[in-house]
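Here are the chains, one letter per residue:
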Amino acid sequence: MTQVLTHLSEAITTNVDVNQERYIETSHRIHNNPEIGNEEFFASEELTNLLHEEGFAVERDVAGHKTAFVARYKSTKPGPSIAFLAEYDALPGIGHACGHNIIGTMSVAAAISLSKVVDEVGGEAVVFGTPAEEGGPNGSAKGSFVKHGLVEGIDAAMMIHPQGVTNLTSPSLAVDPLDFEFIGAAAHAAATPEKGINALDAVIQLFNGINALRQHVTSDVRIHGIITHGGDAPNIVPEYAKARFFIRAATRKGLNEVTKRVKAIAEGAALATGAKLNIIAFQNEVDNLLLNDTFNAVFKDIIEELGEKVADGRDGIGSTDAGNISQVVPTIHPYIKIGPDDLVPHTIAFREAAKSEKGDEALIKGAKALALTALRLITEPDLLDAIKTEFNQKKADEAE
């Protein structure tokens, strides 16, 4: 490491250390005031206030989300724009059991510390405040950021997610979140059933058809759903019924084929029963993470230098709307340890770990790792070019 880079790195880590109490308090306040997706007004205010106080230009209420924001600190010198992805929504009923209080504060802390050196090295520190990662109506806001063109001009993006072990970015599944709404006709179920059109029968046929489909899809496919409305009384032919499904696959291309088949099953169920069908995308579709080994390797070097042990592989596979960003610009979504190895997200234990001493340590260490990774991309043009080259190749490979 050159003397100049050492100086810049020390400036970043010192800035995080000096402000660590401020960041930990912010994380805890957000943790103590959990808000579900697109209702994170307290958390959004907390984070944007920090950024505004540090000289960032902050734009709120963006991309169709009241609690979304974009914050920028741009050097007068040219250079890459590096985005830090901030999440801050909680889970219904269980609070911050996925540690988004840590994620949002960590990304903001990283951007602030990077802003202290970009005037010297050039470039731009950007924070994307992205609501509703956990989904729900108008959920998965990173998809909205892509659709609204807010990611244009960004050279690389990154975030770190809390976990039981520290891992590099791993594969995720693309998701189509769909409601299947069937509209029939009510009738007395005993006296005049012939006059009714049973919308619940259509939902049941939808489930049966999907169950038959399962044996004819690849092993990466996951299709899981619930009935959100199945009728009002057993002596009334249900005139309205609705099911909600998540359809997942390893790639967007593969998922599009599976979703097409599921929609055909729904159309068949409507035809068989005489019900009318509405298919509703109740939130943004989610894309799979496009992995970037070169980018991952940079982060691995830095997080290990900070004392973290990076585990091999990761159990299970889920979905994240960071995948939508990764399909547009090179992106990493690694994990950092906040508790025991067997810690499971979306549990009470995880919620408590998200405001524990270990969680606080991960917040500070993760902020340093993100900012130092960004510094390398800004100061090593050949490295950033290599990351972009791999990104372009992976995009081409996935399209085949």
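Shown above is the structure to which this text applies.
The notes below deal with the structure included here. Not measured: the values here are computed from a predicted model. (Residues numbered from 1 in each chain as written. Predicted model: local features only at pLDDT ≥ 70, side-chain atom pairs only at ≥ 80, totals over all residues. Heavy atoms only, no water.)

### A look at the packing of aromatic side chains
Short version of the rule: Stacked, tilted and edge-to-face are the three classes applied to pairs of Phe, Tyr and Trp rings, where Trp contributes its six-membered ring and a pair requires centres within 6.5 Å; stacked means planes under 30 degrees apart, edge-to-face means over 60, and tilted covers the rest. A run of DSSP states H or I qualifies as a helix once it reaches four residues; a run of E qualifies as a strand once it reaches two. Both are numbered from the N-terminal end. Buried residues are those whose accessible area, probed at 1.4 Å on protein chains only, stays under 20% of the maximum for their type, while exposed residues exceed 50% and partly exposed ones sit between those limits.
Enumeration over the complete set of coordinates arrives at six aromatic pairs. With 5.6 Å between their ring centres and 55° between their planes, Phe56 and Tyr73 make a pair best called tilted. Of the two residues, Phe56 is situated in the loop between helix H3 (41-53) and strand S1 (57-62) and Tyr73 in strand S2 (residues 65-74); the sequence distance between them amounts to 17 residues. Judged by its relative accessible area of 3%, Phe56 falls in the buried class. Taken together, a centroid distance of 6.0 Å and an interplanar angle of 80° make the contact between Phe180 and Phe245 edge-to-face. Taken together, the positions of Phe180 in strand S7 (residues 174-183) and Phe245 in strand S9 (residues 240-249) put the pair 65 residues apart, joining distant regions of the chain.

### Considerations on the nonpolar core
As a reminder of what qualifies: As used in this record, nonpolar core signifies buried Ala, Val, Leu, Ile, Met, Phe, Trp, Tyr and Cys residues forming a set joined through side-chain atoms within 4.5 Å. Only heavy atoms enter the contact rule, under which two residues are in contact if any of them lie within 4.5 Å.
Counting 62 residues, the largest nonpolar core has Phe84, Leu114, Met158 and Leu377 as the members making the most contacts within it. Per element, the largest residue contribution to this core is 12 residues, and it comes from helix H11 (residues 357-379). Here Leu114 is in contact with Ile12, Phe84, Ala125, Ala371, Ala374, Leu375 and Ile378, once residues within four sequence places are set aside. Ranked by size, the runner-up nonpolar core spans 25 residues in total, among them Phe182, Leu206, Ile247 and Ala270.

### A word on the sheet that holds S2
Rule in force here: Only when DSSP finds a minimum of two bridges between them are two strands counted as paired.
Taken in spatial order, the six strands make up an open sheet running S1-S2-S4-S3-S5-S11, and their pairing is mixed. Looking at which strands have only one partner, the edges of the open sheet turn out to be S1 and strand S11 (331-332). In this structure, strand S3 (residues 81-86) lies alongside strand S4 (residues 124-129), joined through six bridges in parallel fashion. Directly across from Ala86, in S4, lies its bridge partner Gly129.

### So, the sheet that holds strand S8 (residues 222-229)
Note the cut-off: Axis definition: a line fit to C-alpha positions, over the contact stretch in the case of helices; interaxial angles, taken between N-to-C directions, run 0 to 180 degrees.
Within the open sheet, the four strands sit side by side as S8-S9-S7-S10. Their pairing is antiparallel. Looking at the sheet topology across the chains shown, the edges are occupied by S8 and strand S10 (276-281). Neighbour-to-neighbour, the strand axes of the sheet open up by a mean angle of 20°, direction not taken into account. Of the pairings in the sheet, the one linking S8 to S9 comprises seven bridges and is antiparallel in character. Bridging from a neighbouring strand, Arg222 pairs with Arg248 of S9. In the packing of helix H6 (residues 199-213) onto the sheet, contacts are made with S7, S8 and S9, and the angle to S9 comes to roughly 20°. Against the sheet, helix H7 (residues 252-273) engages S7, S8, S9 and S10, with an angle of about 10° to S7.

### A few points about helix H4 (residues 100-121)
Cut-off, in case you're wondering: Helix span, expected: 1.5 Å multiplied by one less than the number of residues in the helix. Note that the bend at a residue is defined as the angle between axes fitted to the seven residues ending at it and the seven residues starting at it.
If you check H4, its first and last C-alpha atoms are 30 Å apart, about what 22 residues at 1.5 Å a residue would give, namely 32 Å. Most pronounced at Ser115, the bend in H4 amounts to some 35°. Most of H4 sits inside the fold, with 18 of its 22 residues counted as buried. Two residues or fewer after H4 comes Gly122, characterised by a positive phi angle close to 95°.

### Digging into the pattern of salt bridges
Counted only if it meets this: Salt bridge, as used here, is a side-chain nitrogen of Lys or Arg placed within 4 Å of a carboxyl oxygen of Asp or Glu.
As enumerated under the stated definition, the model contains 21 salt bridges in all. Arg244 is paired through a salt bridge with Asp179; the nearest N and O atoms lie 2.7 Å apart. A residue pair is termed long-range when its members are at least 10 positions apart, and Arg244 in strand S9 and Asp179 in strand S7 qualify at 65 residues. Taking the relative accessible area as the measure of exposure, Arg244 reaches 26% and is therefore partly exposed. A relative accessible area of 3% places Asp179 in the buried class.

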